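# Analysis of the macromolecular model
Chain by chain, the residues:
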Amino acid sequence: MATEILVNDGGAPARILPFNAGADISAGLVVIMEADGDINLAASAAATNTMGVSLTDADSGTTASIITGKGVIVNAYVSGTAASGALLQVGTTDGELAAGTTADAGVAIMVGDDTGSATSQLAKVLLI
């Protein structure tokens, strides 16, 4: 059984929008828009122009469904140890979030249980 990515929109204006995938993208990963208009994995701790989180898996060249909207709760991949309430930014692993303190780089807040380990895992986060 597949893991649900969209947990609850909390009454916030969540949108699921279709974009062309510029690379293979797995559900639960954070994405950005490239200069050519394709969606790709967010790839640096300083990436602040995130579009949202991929709702489903998408192969390169196919349509990727992206969840976007502030205040939306999703299951997204988080790497490293992150405590509940931690500010999350794009980490060093493409498409994954990690606890961080880079100014103006926060894209989500950890609202689920502490990750408690350094492994990558789906965790409940609030998009900001």
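Above: the structure in question.
The structure displayed is predicted, hence computed values, not measured ones. (Residues numbered from 1 in each chain as written. Predicted model: local features only at pLDDT ≥ 70, side-chain atom pairs only at ≥ 80, totals over all residues. Heavy atoms only, no water.)

## Some words on the overall build of the protein chain
The line we're drawing: Runs of H or I in DSSP of at least four residues are treated as helices and runs of E of at least two as strands, each being numbered from the N terminus. The globule rule is 2.2 Å times the number of residues to the power 0.38, and the radius of gyration it is compared with is taken over C-alpha atoms. Relative accessible area decides the class of each residue, using a 1.4 Å probe on protein chains only: under 20% of the type maximum gives buried, over 50% gives exposed, and in between gives partly exposed. Throughout, a residue-residue contact means that at least one pair of heavy atoms, one from each residue, lies within 4.5 Å. Here, Shrake-Rupley sampling with a 1.4 Å probe gives the accessible areas, and only protein chains in the shown set may cover a residue.
Secondary structure assignment for the protein chain yields zero helices and eleven strands. For the protein chain, the sequential pattern of α-helices and β-strands runs β-β-β-β-β-β-β-β-β-β-β. Compactness check: the protein chain gives a C-alpha radius of gyration of 13 Å against a globular reference of 14 Å for 128 residues, within 12% of the reference. Looking at the protein chain residue by residue over its 128 residues, the buried ones come to 39%. A separation of at least 24 residues holds for 58% of the contacts in the protein chain among residues at least 6 apart in sequence. When the accessible area of the protein chain is evaluated, it comes to approximately 6200 Å², of which 51% is carbon and sulfur surface.

## Details of the side chain of Thr 115
To keep it simple, the criterion reads: Two N or O atoms count as a polar contact when they lie within 3.5 Å, although within protein this holds only if one can serve as hydrogen donor and the other as acceptor, and sequence-adjacent residues are included solely when both atoms are side-chain atoms.
Relative to the elements of secondary structure, Thr 115 occurs in the loop between strand E10 (106-110) and strand E11 (121-127). Among the residues examined, Thr 115 registers a relative accessible area of 9% and is labelled buried. At 2.9 Å, the side chain of Thr 115 and the backbone oxygen of Gly 80 are in polar contact. A distance of 2.7 Å separates the side chain of Thr 115 from the backbone nitrogen of Ala 82, its partner in a polar contact.

## Quick notes on the environment of Ala 99
Mapped onto the elements, Ala 99 comes out in strand E9 (residues 97-99). Along the backbone, Ala 99 and Gly 80 are 19 residues apart, and their C-alpha atoms lie at a distance of 7.5 Å. Excluding residues that lie within four positions of it along the chain, Ala 99 makes contacts with Thr 81, Ala 82, Ala 86, Leu 87 and Leu 88.

## Here we look at the sheet that holds strand E3 (residues 30-33)
We apply this condition: Any two strands are treated as partners once DSSP identifies two or more bridges connecting them. To get an axis, a line is fitted to the C-alpha atoms, and for a helix only the part in contact is used. The angle between two axes follows their N-to-C directions and goes from 0 to 180 degrees.
With respect to topology, five strands assemble into an open sheet ordered E2-E6-E5-E3-E4, the strand pairing being antiparallel. If you trace the sheet from one side to the other, it starts and ends with strand E2 (15-20) and strand E4 (39-41), each paired once. Averaged over all neighbouring strand pairs, the angle between strand axes comes to 50°, with direction disregarded. The pairing of strand E5 (residues 50-54) with strand E6 (residues 63-68) spans two bridges and is antiparallel. Residue pairing in the sheet places Ser 54 in a bridge with Ile 66 of E6.

## Comments concerning the nonpolar core
Here is the rule we go by: Grouping buried Ala, Val, Leu, Ile, Met, Phe, Trp, Tyr and Cys residues that are joined through side-chain atoms within 4.5 Å yields what is termed a nonpolar core.
Of all hydrophobic cores here, the largest spans 22 residues; its most connected members are Val 53, Val 74, Val 78, Leu 88, Leu 97, Met 110 and Val 125. Counting residues per element, the ones that place at least two in this core are E3, strand E7 (73-78), strand E8 (87-90), E10 and E11. Those residues within four positions of Val 74 in sequence are excluded, and the remaining contacts are Ile 5, Leu 6, Val 7, Val 53, Ile 67, Ala 123, Lys 124, Val 125 and Leu 127. With nine residues, the next largest nonpolar core counts Ala 21, Ile 25, Leu 41 and Ala 64 among its residues.

## Some words on the pairing of E10
Relative to E10, E8 runs antiparallel, the two being bridged by three bridges. Across the sheet, the residue bridging to Leu 88 is Ala 108, located in E10. One ladder, built from three bridges, connects E10 with E11; its direction is antiparallel. From the neighbouring strand, Ala 108 faces E11, where its bridge partner is Leu 127.

## What about the environment of Ser 54?
By the element assignment, Ser 54 lies in strand E5. What makes Ser 54 buried here is its relative accessible area of 0%. Measuring from C-alpha to C-alpha, the distance between Ser 54 and Glu 4 comes to 11 Å, with 50 residues separating the pair along the chain. Those residues within four positions of Ser 54 in sequence are excluded, and the remaining contacts are Ile 5, Ile 25, Ser 26, Ala 27, Gly 28, Leu 29, Ser 65 and Ile 66.

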